[in-house]
Amino acid sequence: MKPMGPIPAWFGDEEGMLLIGGCGAASLVDEAGDTPLFVYDMAIVEAQVRRFREAMPKAVHLHYAVKANPHAPLLARMTGQVDGFDIASGGELAMALTAGMAPDRISFAGPGKRNDELEAAIFAGVTLHLESEGEGRRALAAAEKVGKRPRVAVRVNPDFDLKGSGMKMGGGAKPFGVDADRAAALARAMIDAGADWQGWHIFAGSQNLDAMAIIETQAATIALAARLSDEVGAAPPLVNLGGGFGLAYFPGDERLDIRPIGVALDSVLESLPDIVRTSDFAIELGRWLVGEAGVYLTRVVDVKRSQGETFVVVDGGLHHQLAASGNFGTVVRRNYPIALANHFGAAPAAEPVTVVGCLCTPIDRLGEKVALPPVGEGDLVAIFLAGAYGASASPAAFLGHPSPRELLLG
Ligand SMILES: *Cc1c(COP(=O)(O)O)cnc(C)c1O
């Protein structure tokens, strides 16, 4: 048997049926029409937002990184929960505007922004997070073309990284942002060219469960923003501190307690360097806000034996939930929390089973040698932590199976 990650504490059962947002998993499948199905419980997202607001200093804005889950109904609801959206493509720009987020609360990061994306963003009045000097030049040309003053911040590749992150996005040679030693020059050049400079974006890493590491990185980020602003000779309206709050996906992971992060940030904000004393600060989060709120439900099509092992074959797979197969930014495959939704909490069978998706490839494994109750055809498998980087981060076209259904509750 191989262990699995912890099932988030939000979920219970009624007579053995997994409840999501107070509804039984099987009736949710009926409501949606079929499996495979992603269910998102907005009440869990809202509870996470409340946890953030309670823990963090009042002055810190909360931004949502749209790429974690751009499901339109969820995005529309997020506009009422957070202070801004962070987007990373022209497509996400359109989604953010459709959802109803005010353009001056949208910031657009990401390498390789095309000229038409720059023009659309400037025309809409969103803030561009410049990823290079070349992008700065193209933004000025795009602004000229659409006849608007561009709002820009400079994304900095910091000279440190967030220790212990699942995904490193700063420190060393990176395609993201401008190296810290050239960032002030770019900001100065943009100001001199007439751009509306909005400040700094410093994102050092993601999926982190170490509060101490996040605390150190936030302090270093604010110190760096102050140093760069001194170099520019102007106070930044906003400093985006990045995010990095992680989720407990795997065996042995402990849920991140964000309260010490809030306490430490509060004391940093108490004694800010002069140049950033009037600045606003933002934390941008994706998975931490929405990840636990999602459950992927997929039905057992076949149960088969091979050389002494049992394989449970389901109608979903990595084409919907790539991350659970271990092929989305993880080095070693480990089990996401997984359960039988229609026998939730029942005692496991004597023998572990391997849950595989319906794709004809050996990498489509959703649970390896996991302890589940006895499984039969038609049973419903639930994979937790499916609210972020699920449907939109998986290769849906691979092998021509149908797209997953998605249902927002609450
Ligand atoms: C992806 C991304 C995020 C969100 O990361 P999570 O790990 O989902 O919180 C935030 N900011 C930037 C710049 C990103 O690229």
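Just so you know, these numbers come straight off a predicted model, no measurement behind them.

Peer 1: Would you mind going over the site of the ligand in detail, with residue names and values included?
Peer 2: The environment of the ligand is formed by 13 residues, the closest being Lys67, Ser206, Gly286, Arg287 and Tyr389. Within the side chain of Ser206, one N or O atom sits 2.6 Å away from an oxygen atom of the ligand. In this structure, an oxygen atom belonging to the ligand sits 2.7 Å away from a side-chain N or O atom of Arg287. The residue makeup of the shell around the ligand, split by class, is 5 nonpolar, 4 polar and 4 charged.

Peer 1: Explain the domain arrangement of the chain residue by residue, including any values.
Peer 2: It is common to give the size of an interface as the accessible area that goes away when the parts come together. Under the domain assignment used here, the chain contains domain 1 (13-40 + 292-409) and domain 2 (70-285). Spacing between the C-alpha centres of domain 1 and domain 2 amounts to 34 Å. Taken together, the contacts link 13 residues of domain 1 with 13 residues of domain 2. For the pairing of domain 1 and domain 2, the buried interface totals around 1,200 Å² over both sides, and the portion due to carbon and sulfur atoms is 66%. Considering only the surface of domain 1 that becomes buried against domain 2, Glu292, Arg334 and Leu408 emerge as the three largest contributors, covering 40% of it. At the surface where domain 1 touches domain 2, the tally comes to 1 salt bridge. The partner of Arg255 in a salt bridge is Glu292, and the shortest N-O contact between them spans 2.9 Å. Taken together, the links from domain 1 to domain 2 amount to 1 residue pair in polar contact (both at pLDDT 80 or more). The class makeup of the residues in the side of domain 1 that touches domain 2 is 6 nonpolar, 4 polar and 3 charged.

Peer 1: Break down the packing of aromatic side chains for me, with residues and values.
Peer 2: What the rule picks out here adds up to 12 aromatic pairs. Look at Phe52 and Phe245: their rings are 6.4 Å apart centre to centre, the planes differ by 35°, and that puts the pair in the tilted class. Taken together, the residues Phe52 in helix α2 (residues 42-55) and Phe245 in the loop between β14 (238-240) and α9 (259-270) connect sequence positions 193 residues apart. Residue Phe52 shares its accessibility class with Phe245, and that shared class is buried. Aromatic side chains Tyr249 and Phe250 sit 5.8 Å apart centroid to centroid with 40° between the ring planes, which places their arrangement in the tilted category. For the pair Tyr249 and Phe250, a shared accessibility class is recorded, and that class is buried. Members of the aromatic cluster, each reached through a chain of ring pairs, are Phe11, Phe344 and Phe384. The positively charged end of Lys113 is found above the aromatic ring belonging to Phe108, 5.5 Å away from the centroid.

Reading guide: rules and limits
Residues numbered from 1 in each chain as written. Predicted model: local features only at pLDDT ≥ 70, side-chain atom pairs only at ≥ 80, totals over all residues. Heavy atoms only, no water. Near = heavy atom within 4 Å. Polar contact = N/O pair within 3.5 Å; in protein donor to acceptor, adjacent residues only side chain to side chain. Nonpolar A, V, L, I, M, F, W, Y, C, P; charged D, E, K, R; others polar. Domains from an automatic or database assignment. Contact = heavy atoms within 4.5 Å. Buried area = accessible area lost by both parts, 1.4 Å probe. Salt bridge = Lys/Arg side-chain N within 4 Å of Asp/Glu carboxyl O. Phe/Tyr/Trp six-rings, centres within 6.5 Å; stacked < 30°, edge-to-face > 60°. Helix = DSSP H or I, 4+ residues; strand = E, 2+ residues; numbered from the N terminus. Buried < 20%, exposed > 50% of the residue type's maximum accessible area, 1.4 Å probe, protein only. Lys NZ or Arg CZ within 6 Å of the ring centre and 35° of its normal.

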